[in-house]
Amino acid sequence: MNKKIQSALISVFYKDGLENIVQLLSQHGVTIYSTGGTQTFIEGLGVKVTPVEDLTTYPSILGGRVKTLHPSVFGGILGKRDDAQHVSEMKQYNIPEIDLVIVDLYPFEETVASTTDEKAIIEKIDIGGPSMIRGAAKNFKDVVVIAAKKDYAALEQLLKDQQAETTLEQRKSFAAKAFEVVAHYDVAIAKYFNLPAGQAGPSGSLFFLESITNPKAMRYGENPHQSGVFYGNLNKLFNQLNGKELSYNNLVDVDAAMQLIKEFNSTTFAIIKHTNVCGVAQRPTVKESWDTALAGDNESAFGGVLVCNGTIDKATADAINEIFFEVLIAPAFDEDALTILKSKKNRILLQLIAQPENKEQYKSVLNGVLIQGTDEGNFTEWKEAGGRETTQAEKDDLTFANIVCKHLKSNAIALVKNKQLIGKGCGQTSRIDSLRQAVEKAKQFKFDLTGAVMASDAFFPFNDCVQLGHEAGITAFIQPGGSIRDNDSIEYCKANNLAMVITGLRHFKH
């Protein structure tokens, strides 16, 4: 059923984008009600506006906390036009019908992001706004509700094309959006109260509280027969300089790349494949880092996601250009490097603006959701437990290997020499199988394991890993410890003059 807008209540925090709508409403003879700064804005446009105070017979009180919370306002929004009792009561109490509600909400999230002043934050909890939005959305059969600035354009077009008339379908669509706006707002407030400032990880709330805006449909999910949607704002993290849209799998791998690269301060290049590191190295220059990372496993690099924490120059671009890859991420690109890399139109080039700030990880399981804090840190202690102290070179390599291993799927083993990943085993059902895989990889690419180091994401349940590693040429090990048979591995290292470091911090990744 079509309805013509004859009256409107407008009360918004941000006025930009509102002018054309106000002018169109005026041209269609719509009675406009408003209050406070919005009223002043409308009057400044030379458009007639009736103060809400004229309806309520009360001024704005309590420092603006109470302005629209009154039966004369909510009756006009909630009154059912096809209900004789509602119509009679509205007439009895001189309550005008309100056909259009345009309300945005106090900027609560923006305030939380910009200050820790609790008083300022609390004052940005909107009360009247969400109530009016919910009321108008509930009564969508008779009322149009606009709850976000992003819907102004749709309303403006409707006012132009349909002469201020709306269909039931349009009103219901706006109502659905409005309920989403209020739900998101309430979640943000609940999260603030449940998670003290600076605290990371799950809040322990009675509910799973999350609301993320900006949905973007993927071409498909992990596989072509699966649908996929991304919620979030990638523009806060990257400038996309070239290439097709990021796919579901691209996003998963890009996230893995970002989690890894943020661990390093020195010039580092890494190659990610199916969320696992298949090549990573640290060298004085970006070009050397790329060459060395690729040498670690140039087969797996095909179709991978590349990430670097330095500027991509022409020499590096020339080298990278020789292989097929999906995504390249870097904080900066030289112009001549971009010219080379843009030669393939589908290559995704991302300029890093900021690191992701996620403090929680979610996983859908069974009939619910698992939440955990992100895996921060690399060790809680550095306990030299082997047959000798580590050398400085071994320390550097062990630290590097421990970080790399953290970003491999469990069971995970990383073999490193001179800050280059030369062998890795991941996703195996036993730790010894991951080590066998790592050793085999190193041999496949002709690496000499003599003097290399080994990292394990979890404890060694037996001494078989250190024994096999020793036989392959490994001289130093790093692991979290925690097995009831830790001593077996420690004693083997002592008997064979091998170094072993216990970190006290496990890094399972499933």
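Because the structure is a prediction, the values reported are computed rather than measured. (Residues numbered from 1 in each chain as written. Predicted model: local features only at pLDDT ≥ 70, side-chain atom pairs only at ≥ 80, totals over all residues. Heavy atoms only, no water.)

A description of the overall build of the protein should follow, citing residues and the corresponding values.
Broken down by element type, the protein carries 18 helices and 25 strands. Radius of gyration (C-alpha) of the protein: 31 Å, far over the 24 Å computed for a compact globule of 510 residues. In terms of overall dimensions, the protein has a C-alpha envelope of 95 × 55 × 40 Å along the principal axes. In the protein, buried positions account for 47% of the 510 residues. Taking as baseline every contact in the protein between residues at least 6 positions apart, the subset at least 24 positions apart corresponds to 57%. Element-wise, carbon and sulfur atoms account for 51% of the exposed surface of the protein, whose accessible area totals about 25100 Å². Placing the 53 positive and 61 negative side-chain charges of the protein at their respective mean positions leaves the two points 3 Å apart. (Helix = DSSP H or I, 4+ residues; strand = E, 2+ residues; numbered from the N terminus. Rg over C-alpha atoms; globule rule 2.2 N^0.38 Å. Buried < 20%, exposed > 50% of the residue type's maximum accessible area, 1.4 Å probe, protein only. Contact = heavy atoms within 4.5 Å. Areas by Shrake-Rupley, 256 points an atom, 1.4 Å probe, with all protein chains shown as cover. Lys, Arg positive; Asp, Glu negative; His and termini not counted. Charge placed at Lys NZ, Arg CZ, Asp CG, Glu CD.)

Break down the packing of aromatic side chains for me, with residues and values.
Tallied over the full model, the rule gives ten aromatic pairs. Measuring from ring centre to ring centre gives 5.0 Å for Phe13 and Tyr14, while their planes differ by 80°; the resulting arrangement is edge-to-face. Judged by its relative accessible area of 34%, Tyr14 is partly exposed. Ring centres of Phe108 and Tyr185 lie 6.4 Å apart, and the angle between their planes is 65°; on these two criteria the pair is classed as edge-to-face. With Phe108 in helix α6 (residues 108-114) and Tyr185 in helix α10 (residues 168-194), this residue pair connects regions lying 77 residues apart in the sequence. Note on Phe108: relative accessible area 1%, which makes it buried. The class for Tyr185 is buried, based on a relative accessible area of 7%. Ring pairing ties together the aromatic residues Phe108, Tyr185, Tyr192 and Phe193, which thus form one cluster. (Phe/Tyr/Trp six-rings, centres within 6.5 Å; stacked < 30°, edge-to-face > 60°.)

Let's hear about the sheet that holds strand β22 (residues 421-425): which residues, and what values?
Spatially, β20-β25-β24-β23-β21-β22 is the arrangement adopted by the six strands of the open sheet, whose pairing is mixed. The strands lining the two open edges of the sheet, one partner per strand, are β20 (383-384) and β22. Relative to strand β25 (residues 499-502), β20 runs antiparallel, the two being bridged by two bridges. Its bridge partner being in β25, Lys383 is matched across the sheet by Ile502. Against the sheet, helix α15 (residues 392-406) touches β20, β21 (413-416), β22, β23 (453-456), β24 (476-479) and β25, its axis set at about 35° to β23. Contacts between helix α16 (residues 431-444) and the sheet are confined to β21, β22 and β23, with β22 contributing the most and set at about 145° to the helix. (Pairing = 2+ DSSP bridges. Axes fitted to C-alpha atoms, helices over the stretch in contact; angles between N-to-C directions.)

Report on the pairing of β21, specifying residues and quantitative values.
Going residue by residue along β21, you find Ile413 and Leu415 tucked away on one face and Ala414 and Val416 tucked away on the opposite face as well. Taken together, the four bridges between β21 and β22 define a ladder with antiparallel strand orientation. Paired with Val416 across the two strands is Leu421, which belongs to β22. Turn length for the β21-β22 hairpin, with the two strands adjacent in sequence and antiparallel, is four residues, and the turn residue Asn418 shows positive phi of about 55°. Looking at chain direction, β21 and β23 are connected through four bridges and run antiparallel.

Account for the pairing of strand β13 (residues 304-308), with residues named and values stated.
Judged by how many residues are buried, β13 sits mostly within the fold: five of five residues are covered. Of the two faces of β13, the one lined by Gly304, Leu306 and Cys308 and the one lined by Val305 and Val307 are each fully buried. Pairing between β13 and strand β15 (residues 325-330): four bridges, direction parallel. By the bridge assignment, Val307 is partnered in β15 with Ile329.

Let's hear about helix α1 (residues 19-27): which residues, and what values?
Within the sequence span of α1, burial applies to Ile21, Val22, Leu24 and Leu25. Looking straight down α1, one finds that the buried residues subtend no more than 165° of arc, so they occupy a single side. In this fold, the buried residues of α1 make contact with β2 (7-11), β3 (31-34), α2 (36-44), β5 (100-103) and α9 (152-161). Immediately downstream of α1, the backbone of Gly29 shows phi near 75°, a positive value. (Arc of directions from axis to C-beta.)

Please set out a positive patch on the surface residue by residue, giving values where relevant.
Side chains of Lys80, Lys138, Lys141 and Lys172 sit close together on the surface and give a patch of like positive charge. Looking at the secondary structure, you find Lys172 in helix α10. (Patch = residues over 30% accessible without salt bridge, like charges linked within 9 Å, V, L, I, M, F, W, Y side chains within 5 Å. Salt bridge = Lys/Arg side-chain N within 4 Å of Asp/Glu carboxyl O.)

Give a description of the nonpolar core that names residues and reports values.
In this structure, Val254 and Ile329 are the most contacted members of the largest nonpolar core, which totals 41 residues. Considering every element that reaches this core, the biggest residue donor is helix α11 (residues 248-261), with seven residues. In contact with Val254, not counting residues within four places along its chain, are Phe238, Leu246, Val305, Val327, Ile329 and Leu350. Membership of the second largest hydrophobic core comes to 28 residues, among which are Ile77, Ile98, Ile121 and Ala175. (Core = buried A, V, L, I, M, F, W, Y, C linked by side-chain atoms within 4.5 Å.)

Run through the side chain of Arg431, naming residues and quoting values.
Counting through the fold element by element, Arg431 comes out in helix α16. Here the side chain of Arg431 touches Ser456 through a polar contact of 2.9 Å, side chain to side chain. Once residues within four sequence positions are removed from consideration, Arg431 is found in contact with Asn411, Ala412, Ile413, Ser456, Asp457, Ala458, Phe459, Phe460, Pro461, Cys465 and Phe508. (Polar contact = N/O pair within 3.5 Å; in protein donor to acceptor, adjacent residues only side chain to side chain.)

Can you explain the pattern of salt bridges? Please cite residues and give values.
In the structure shown here, the tally under the stated rule is 17 salt bridges. In this structure, Asp99 and Arg81 form a salt bridge, with 3.2 Å as the shortest nitrogen-oxygen distance. Taken together, the residues Asp99 in the loop between α5 (84-92) and β5 and Arg81 in the loop between α4 (71-78) and α5 connect sequence positions 18 residues apart. On the basis of relative accessible area, Arg81 is assigned to the buried category, the value being 15%. Through salt bridges with shared partners, a single ionic network connects Arg81, Glu97 and Asp99.

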